[in-house]
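Observations on the three-dimensional arrangement
Single-letter residue listing:
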Amino acid sequence: PPPPPPPQQDTSDEDTEEDKKEDEKDEDEKEEDQMPEIPQEFMFDAEGTPIDEELINFVTKQQKGKSGGRGLIFSQDRGRYIKPMFPKGKVRRLAVDATMRAAAPYQRPRRQRALKDDKKRFTSSGRERKVFIEEADVRVKRMARKAGALIVFVVDASGSMALNRMNAAKGAAISLLSKAYESRDKISLITFQGTDAEVLLPPTRSIAMAKRRLETMPCGGGSPLAHAINVAVKTGINAQKSGDVGKVVIVCISDGRANVGLNESVEKGRVTESEKLDKEAMKAEVLDTARALQGLPNFHLVMLDMENKFVSTGLAKEVAEAAGGRYYQVPKATERSVTDVAVGALAMAR
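Residues numbered from 1 in each chain as written. Predicted model: local features only at pLDDT ≥ 70, side-chain atom pairs only at ≥ 80, totals over all residues. Heavy atoms only, no water.

1. Section: the overall build of the protein chain
Broken down by element type, the protein chain carries 13 helices and 9 strands. The long-range fraction of contacts in the protein chain, counting pairs at least 24 apart against all pairs at least 6 apart in sequence, stands at 75%. Counting only carbon and sulfur atoms, one obtains 51% of the accessible surface of the protein chain, whose full area is about 21700 Å². (Helix = DSSP H or I, 4+ residues; strand = E, 2+ residues; numbered from the N terminus. Contact = heavy atoms within 4.5 Å. Areas by Shrake-Rupley, 256 points an atom, 1.4 Å probe, with all protein chains shown as cover.)

2. Focus: the packing of aromatic side chains
Enumeration according to the criterion identifies 0 aromatic pairs in this entry. Against the face of Tyr 81 rests Lys 141, its NZ or CZ located 5.2 Å from the ring centre. (Phe/Tyr/Trp six-rings, centres within 6.5 Å; stacked < 30°, edge-to-face > 60°. Lys NZ or Arg CZ within 6 Å of the ring centre and 35° of its normal.)

3. Looking at helix 3 (residues 96-103)
The α-helix winds at 3.6 residues per turn, so residues separated by three or four positions along the chain end up facing the same way. Within the sequence span of helix 3, burial applies to Ala 98, Thr 99, Ala 102 and Ala 103. Relative to the axis of helix 3, the buried residues are bounded by an arc of 130° and lie together on one face. Facing away from the buried side of helix 3 by over 90 degrees, the exposed positions are Val 96 and Arg 101. The elements touched by buried residues of helix 3 are strand 2 (80-85) and helix 4 (107-114). (Buried < 20%, exposed > 50% of the residue type's maximum accessible area, 1.4 Å probe, protein only. Arc of directions from axis to C-beta.)

4. Some thoughts on the side chain of Gln 107
Positionally, Gln 107 belongs in helix 4. In contact with Gln 107, not counting residues within four places along its chain, are Lys 130, Val 131 and Phe 132.

5. Section: helix 12 (residues 315-322)
All buried positions along helix 12 are accounted for by Leu 315, Ala 316, Val 319, Ala 320 and Ala 322. With its buried residues spanning 165° around the axis, helix 12 presents them on a single face. Considering only its buried residues, helix 12 is in contact with helix 11 (279-291), strand 8 (299-305) and strand 9 (326-329). Positive phi appears at Gly 324, one or two residues downstream of helix 12, with a value of about 70°.

6. Digging into the environment of Ala 95
Secondary-structure assignment places Ala 95 in the loop between strand 2 and helix 3. On the accessibility criterion, Ala 95 (0% relative accessible area) is buried. In this structure, the C-alpha to C-alpha distance between Ala 95 and Arg 142, residues 47 residues apart in sequence, is 8.7 Å. Setting aside chain neighbours within four positions, we find Ala 95 in contact with Tyr 81, Pro 84, Arg 139, Val 140 and Lys 141.

7. Describing the sheet that holds strand 4 (residues 148-156)
Read from one edge of the open sheet, 6 strands run 6-5-4-7-8-9, paired in mixed fashion. In this open sheet, the two strands that pair with only one neighbour each are strand 6 (196-204) and strand 9. Each strand of the sheet is rotated relative to its neighbour by a mean of 15°, with strand direction disregarded. Summarising the sheet, strand 4 and strand 5 (residues 186-193) pair through 7 bridges and their orientation is parallel. Following the sheet pairing, Val 152 is matched in strand 5 by Ser 188. (Pairing = 2+ DSSP bridges. Axes fitted to C-alpha atoms, helices over the stretch in contact; angles between N-to-C directions.)

8. Comments concerning empty space enclosed by the protein
As enumerated under the stated definition, the model contains 1 cavity of 30 Å³ or more in all. Space inside the largest cavity adds up to approximately 30 Å³. Those elements that provide at least two residues to the lining of the largest cavity are helix 11 and helix 12. For the lining of the largest cavity, the per-class residue count stands at 4 nonpolar, 1 polar and 2 charged. (1 Å grid on protein atoms, 1.4 Å probe; cavity = no way out; pocket = protein on both sides within 12 Å on 5 of 7 lines; lining within 4 Å. Points joined across faces, edges and corners; volume = space filled by probe spheres on them. Nonpolar A, V, L, I, M, F, W, Y, C, P; charged D, E, K, R; others polar.)

9. Remarks on the pattern of salt bridges
Scanning the entire structure with this criterion turns up 8 salt bridges. Put simply, Lys 283 and Glu 318 hold a salt bridge, and the shortest N to O gap is 3.4 Å. Of this pair, Lys 283 sits in helix 11 while Glu 318 is found in helix 12, placing the two residues 35 residues apart along the sequence. Relative accessible area serves as the criterion here: at 29%, Glu 318 is assigned to the partly exposed category. Between Asp 288 and Arg 291 there is a salt bridge, with the nearest N and O atoms lying 2.7 Å from each other. Note that Asp 288 and Arg 291 are positioned in helix 11 at a spacing of 3 residues, about one turn of the helix. For Arg 291, a relative accessible area of 42% translates into the label partly exposed. By sharing partners, the salt bridges in this structure join Arg 110, Arg 113, Glu 134 and Asp 137 into a single network. (Salt bridge = Lys/Arg side-chain N within 4 Å of Asp/Glu carboxyl O.)

All we've got here are geometric facts, nothing functional implied.
So this is what it looks like as structure tokens:
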């Protein structure tokens, strides 16, 4: 007899499962189609947007943990001994361990040669030498120490909003100095008004000195921005030469507009009307001065524009872009907001 036919498989369950999957896909596609698009009025420009103080504080706290270690200053006189190196010029700190290791393999032949020469065999006091070291064996210590940073506040003291800018910068400087002992950072404050810029507070960690020097601050007059940036750069370079400063962060509180040329600041009272620069030439001079900051190692510029977005000319943003720095628009700048921006910029610089 023929074999029985194979039993028929029940495919009804499989069909229903496939139908369910297809229905779920269709529902998902419908939900995606129904998702509303984000209107253009809710799209914000990353730069040039008024910054909320609480947002700045939150971002600063997030960046503190990611900023990495502090910078190091390498020298041959102060710090922690990290490794030996060949001397360059005068020997300041001899690396005895490395020098002995370099001389050890040659002691036997040097001792044999010294038997024939009493000057090499005996010291000036008449004692016999135990170890023979030559100039090629000498190694010096390479030292490293933690570097502090310098925050230079450059404040536009001209115009009607000068008092607000000065008070915000003064409060930020004193607030940062209260933490300077732990961070080894220094603070400086430069104002520019009239025909030139003035260093009201040289680089310091002293709160008493800051309060004394910033007790009276001049306001009003012209806006020599190019000269202010030059003075800030000189202050930063001199601080780096001292060996205690690594990074220099220049926080410029200004709208970016200048009406006093660099030649008027340098040659006070000796510039004739025909030699004065026009607005376009002054703008180009400020941008060229800011552009030069990119060639300086460990220098960073932050522009704080206190003008309203609808009134701002955008010159401060151009200055920041020329220097390769950052731009923030803080129409209602306070001590806390200026402090948070400076700390955030310092964290990113490190």
